[in-house]
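Descriptive structure summary
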Amino acid sequence: QVQLVESGGGLVQAGGSLRLSCAASGRTFSRYAMGWFRQAPGKEREVVAAISSSGKTTYYADSVKGRFTISRDNAKNTVYLQMNSLKPEDTAVYYCAARRMSASTYYTPTSTRQYDYWGPGTQVTVSS
């Protein structure tokens, strides 16, 4: 079992940058694939980025490719989302999620149904 909490959200102008952090509890963080999702008002939750338990494999949604970077520091039990060149359409609540992996160290789950644990979310607002 793992508990997650996001931080780093806030208000930023279009073209600016933010770095989100997700801190995880527990001793087995390195066994979890991690993902970032977002949900805007009136829209379904969508995947933003994902990273395998080893950190060797990543996935990005087309809408953020080239602008966002996901990374993890297993020694600190933390996953990050660096967001550059932010656009108003990036405005949403951003959620951190974790999926326990048994053997695979390269798999990157991209569906909400594939994740076991979720943080409470952090608001990101991008003004035009």
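Our subject is the structure listed above.
Below, the structure is looked at part by part. (Residues numbered from 1 in each chain as written. Predicted model: local features only at pLDDT ≥ 70, side-chain atom pairs only at ≥ 80, totals over all residues. Heavy atoms only, no water.)

Describing the nonpolar core
- By size, the foremost hydrophobic cluster in this structure holds 30 residues, and its most contacted members are Met34, Trp36, Val79, Leu81, Met83 and Tyr94.
- Every residue in contact with Leu81, bar those within four places of it in the chain, is listed here: Leu18, Arg19, Leu20, Trp36, Val48, Ala49, Phe68, Thr69, Ile70 and Tyr94.
- In terms of nonpolar packing, the next biggest core, distinct from the first, is built from five residues, Phe37, Val47, Ala50 and Ala97 among them. (Core = buried A, V, L, I, M, F, W, Y, C linked by side-chain atoms within 4.5 Å. Buried < 20%, exposed > 50% of the residue type's maximum accessible area, 1.4 Å probe, protein only. Contact = heavy atoms within 4.5 Å.)

Points about the pairing of strand S3 (residues 18-24)
- A large share of S3 lies buried, amounting to five of its seven residues.
- Relative to S3, strand S1 (residues 4-7) runs antiparallel, the two sharing four bridges. Paired with Val5 across the two strands is Ala23, which belongs to S3.
- Pairing geometry for S3 and strand S8 (residues 78-83), over six bridges, is antiparallel. In the strand pairing of S8, Leu18 is matched with Met83. (Helix = DSSP H or I, 4+ residues; strand = E, 2+ residues; numbered from the N terminus. Pairing = 2+ DSSP bridges.)

Quick notes on unusual backbone geometry
- At Asn77, a position not held by glycine, the phi torsion is positive, near 55°.
- When its relative accessible area of 15% is taken as the criterion, Asn77 is described as buried.
- Phi is positive for Ser85, close to 50°, though the residue is something other than glycine.
- Considering the arrangement of structural elements, one finds Ser85 in the loop between S8 and strand S9 (92-100).

A closer look at the state of the cysteines
- Per the counting criterion, the structure on display carries one disulfide.
- Between the sulfur atoms of Cys22 and its disulfide partner Cys96 the distance amounts to 2.1 Å. Every disulfide takes its handedness from the sign of the S-S torsion; for Cys22 and Cys96 that torsion is -80°, giving left-handed. In this pair, Cys22 sits in strand S3 while Cys96 sits in strand S9, placing the two residues 74 residues apart along the sequence.
- Using a relative accessible area of 0% as the deciding quantity, one classes Cys22 as buried.
- Residue classification places Cys96 among the buried residues on the basis of a relative accessible area of 0%. (Disulfide = S-S within 2.5 Å.)

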